[in-house]
Amino acid sequence: MWKEIEAAPADAILGLTEAFKKDTNPQKVNLGVGVYKDDQGATPILSCIKKAEHRLVDEQSTKGYLPIPGDAAYGASVQKLLFGEQGEVIQSKRAATIHSPGGTGGLRVGADLIKKFKPEAKIWVSTPTWANHKGIFTAAGYAIEDYPYYDKATQGVDFDAMLETLKKVPAGDVVLLHVCCHNPTGVDLNAEQWDRVVEVALVQGWLPFLDFAYQGFGDSMEADRGAVEKFAAAGFDFLVASSFSKNFALYNERTGALTIVSPSAEESAVAMSHVKKIIRVNYSNPPAHGGLAARTVLSDETLYEEWIGEVAGMRERIKAMRRAFVDGLKQRGVEQDFSFIVDQRGMFSFSGLSDEVVAWLQTERSIYIVEGGRINVAGLTSGNMDYVCDAIAEALRA
């Protein structure tokens, strides 16, 4: 049946990783894939997770199915991270949380839920956005619209243009918003700007869908959830897809969540009833191990404090790489100003490198960067920093 069918194009990011793996250059550097690396270039297993896994091995007595929404204590732990332990949303029970297969799974389950009851709704995404966002929502049957976000001239958010567009989004449509550490640009809204976005959502009546994949990678676990708390305080409907791939480094365990927040506990219970039906015909129930390991850490005071310290270490390493990268280019006489990279947050940076430079770096120096110039700053290490800076300086002079 496949004889006359053309092969699908490779994923823009994962396809880059495949090319990287085949490259025989011993100095090759992958700055494309969105995975945290330590200073040895490895994706670590966190110490707190190792301890939690040992505990699970010792204490587990079954490999039976989890409930459709996943472990209840896991869902409660996710909500504490999103809203704070004493958050009003938790006290009023107006949130419903499921353990999804990664943040991607949370986005897709949420998309299917909204589509079921708002079949004509469009999804609005930032320009630019994570490459897979449009794929997920297109596959779920949505028409995609864009709202302005990144201003190349200022290397910041084009907030005025963004807000003017959000004021024109029809009631009932869905607006996808990055909570922090925007992927791919690394530039975020400030607290006052979030206040204005919440106001517009209330007036216009569109549905916020928050993508929260990098909690703890911006400023802190508490500070990074500021936008979520603002939407919660407004008292209306919204959804949050969250991920433990980055801050727990549980990439291959597919550990994420979808949280539906409603004005009342009764409405959240209705939402959960329909989410269960969507999950049942999709993957039936979630994988257990990653979620149980995360739950173990989040419910143990000692392991939780260790985790907070490990996330802080990852966050500070990324910030140090940003500074070293900017300093390294400046020391090599690069005239282009890259200082804005220091102010960006999270793993990613819109570097300002042209597609021609990106192509040259891959072909001539085996440095792999996504088209558009997005780099994963966590892929930089003290061992490859000089090589990368030398190559970029050479490419910009070429």
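Use the structure listed above.
From a predicted model like this one, the values you see are computed outputs, not experimental measurements.

A. Geometry of a nonpolar patch on the surface. Residues Met-1, Trp-2 and Ile-5 make up a contiguous nonpolar surface patch of about 440 Å² in total accessible area. Considering the arrangement of structural elements, one finds Ile-5 in the segment before helix H1 (14-22).

B. Structural context of the packing of aromatic side chains. Here the structure, examined in full by the defined rule, presents 14 aromatic pairs. The interplanar angle of 75° and the centroid separation of 6.1 Å between the aromatic rings of Trp-194 and Phe-231 together place this pair among those described as edge-to-face. Of this pair, Trp-194 sits in helix H8 (residues 191-204) while Phe-231 sits in helix H9 (residues 226-234), placing them 37 residues apart in sequence. When sorted by exposure, Trp-194 lands in the same class as Phe-231, which is buried. Between the aromatic rings of Phe-248 and Trp-307, the centroid separation amounts to 4.3 Å while the plane-to-plane angle is 5°, which identifies the pairing as stacked.

C. Molecular detail of the side chain of Asp-23. Of note, Asp-23 is situated in the loop between H1 and strand S1 (29-30). Here Asp-23 occupies a buried position and makes no salt bridge, while the nearest side chain of opposite charge, Lys-28, is found at 5.8 Å. Of note is the side chain of Asp-23, whose polar atom sits 2.8 Å from the side chain of Ser-366. Each residue touching Asp-23, except ones within four places of it in the same chain, is listed here: Lys-28, Ser-366 and Tyr-368.

D. Summary view of helix H3 (residues 72-83). Counted at 1.5 Å a residue, the expected span for H3 with its 12 residues is 16 Å, and the 17 Å between its end C-alpha atoms agrees. If you check which residues of H3 are buried, you get Tyr-74, Gly-75, Ser-77, Val-78, Gln-79, Leu-81, Leu-82 and Phe-83. The N-cap of H3, judged by a side-chain oxygen 3.2 Å from the amide nitrogen of Ala-73 a few residues on, is Asp-71.

E. Main features of the sheet that holds strand S10 (residues 255-261). Ordered by their spatial adjacency, 7 strands build an open sheet running S2-S10-S9-S8-S7-S3-S4, and the pairing between neighbours is mixed. Each having just a single partner strand, strand S2 (95-101) and strand S4 (144-148) make up the two edges of the open sheet. Adjacent strand axes in the sheet meet at a mean angle of 25°, parallel and antiparallel pairs treated alike. Where S2 meets S10, 7 bridges bridge the pair, whose relative direction is antiparallel. When the sheet's bridge partners are listed, Ser-100 is paired in S10 with Gly-256. In the packing of helix H6 (residues 131-139) onto the sheet, the strands contacted are strand S3 (123-127), S4, strand S7 (174-178) and strand S8 (207-212), and the crossing angle to S4 comes to about 150°.

F. Structural detail: the pairing of S10. With respect to burial, S10 is a largely interior element, 7 of its 7 residues being buried. Alternating residues of S10 divide into Thr-255, Ala-257, Thr-259 and Val-261 and Gly-256, Leu-258 and Ile-260, and every residue in both groups is buried. Bridging between strand S9 (residues 238-243) and S10 involves 6 bridges; their strand directions are antiparallel. Bridged to Ser-243 within S10 is Gly-256.

G. Just helix H15 (residues 385-397), in detail. Over its 13 residues, H15 runs 18 Å from end to end, which matches the ideal 18 Å to within 8%, given 1.5 Å per residue. Burial in H15 covers these residues: Met-385, Tyr-387, Val-388, Cys-389, Ala-391, Ile-392, Ala-393 and Ala-395. Elements in contact with the buried residues of H15: S1, helix H12 (301-331), helix H14 (355-365) and strand S12 (367-368).

H. The arrangement of the packing of H12 against H15 in detail. Direction vectors running N to C along H12 and H15 enclose 45°, while the axes themselves pass 9 Å from each other. In terms of orientation, H12 lies oblique with respect to H15. Between H12 and H15 the crossing geometry is right-handed. Across the interface between the two elements, Met-321, Ala-324, Phe-325, Gly-328 and Leu-329 from H12 touch Met-385, Val-388, Cys-389 and Ile-392 from H15. Class assignment for the residues of the contact of H12 with H15 results in 8 nonpolar, 1 polar and no charged.

I. Expanded view of the packing of helix H5 (residues 102-117) against H6. Viewed as axis vectors pointing N to C, H5 and H6 meet at an angle of 35°, and their least axial separation amounts to 9 Å. As H5 runs across H6, the sense of the crossing is right-handed. Counted together, Thr-104, Leu-107, Arg-108 and Ala-111 of H5 and Asn-132, His-133, Ile-136, Phe-137 and Ala-139 of H6 form the full contact between these two elements.

J. View of the side chain of Ser-100. For Ser-100, the location among the structural elements is in strand S2. Of note is the side chain of Ser-100, whose polar atom sits 3.0 Å from the backbone nitrogen of Ala-257. Beyond its immediate stretch of four places on either side in the chain, Ser-100 contacts Gly-105, Gly-106, Arg-254, Thr-255, Gly-256, Ala-257, Leu-258 and Tyr-283.

K. Just unusual backbone geometry, in detail. Residues Thr-127 and Pro-128 are joined by a peptide bond in cis, for which omega reads 0°. Looking at the secondary structure, you find Pro-128 in the loop between S3 and H6. Following Asn-183, the chain continues into Pro-184 via a peptide bond in cis, with omega recorded as 25°. Position of Pro-184 relative to the elements: it lies in the loop between S7 and H8. Non-glycine residue Cys-181 carries a positive phi angle of around 55°. Its location among the elements puts Cys-181 in the loop between S7 and H8. On the basis of relative accessible area, Cys-181 is assigned to the buried category, the value being 2%. In this model, Ala-249 sits at a positive phi of 55°, which is unusual for a non-glycine residue. Note that Ala-249 resides in the loop between S9 and S10. The buried category is assigned to Ala-249, whose relative accessible area is 15%.

Conventions we followed
Residues numbered from 1 in each chain as written. Predicted model: local features only at pLDDT ≥ 70, side-chain atom pairs only at ≥ 80, totals over all residues. Heavy atoms only, no water. Patch = residues over 30% accessible without salt bridge, like charges linked within 9 Å, V, L, I, M, F, W, Y side chains within 5 Å. Areas by Shrake-Rupley, 256 points an atom, 1.4 Å probe, with all protein chains shown as cover. Salt bridge = Lys/Arg side-chain N within 4 Å of Asp/Glu carboxyl O. Helix = DSSP H or I, 4+ residues; strand = E, 2+ residues; numbered from the N terminus. Phe/Tyr/Trp six-rings, centres within 6.5 Å; stacked < 30°, edge-to-face > 60°. Buried < 20%, exposed > 50% of the residue type's maximum accessible area, 1.4 Å probe, protein only. Lys, Arg positive; Asp, Glu negative; His and termini not counted. Polar contact = N/O pair within 3.5 Å; in protein donor to acceptor, adjacent residues only side chain to side chain. Contact = heavy atoms within 4.5 Å. Expected span 1.5 Å × (residues − 1). Pairing = 2+ DSSP bridges. Axes fitted to C-alpha atoms, helices over the stretch in contact; angles between N-to-C directions. Parallel < 35°, antiparallel > 145°, perpendicular 65-115°, else oblique. Left-handed = near helix turned anticlockwise from the far one by under 90°. Nonpolar A, V, L, I, M, F, W, Y, C, P; charged D, E, K, R; others polar.

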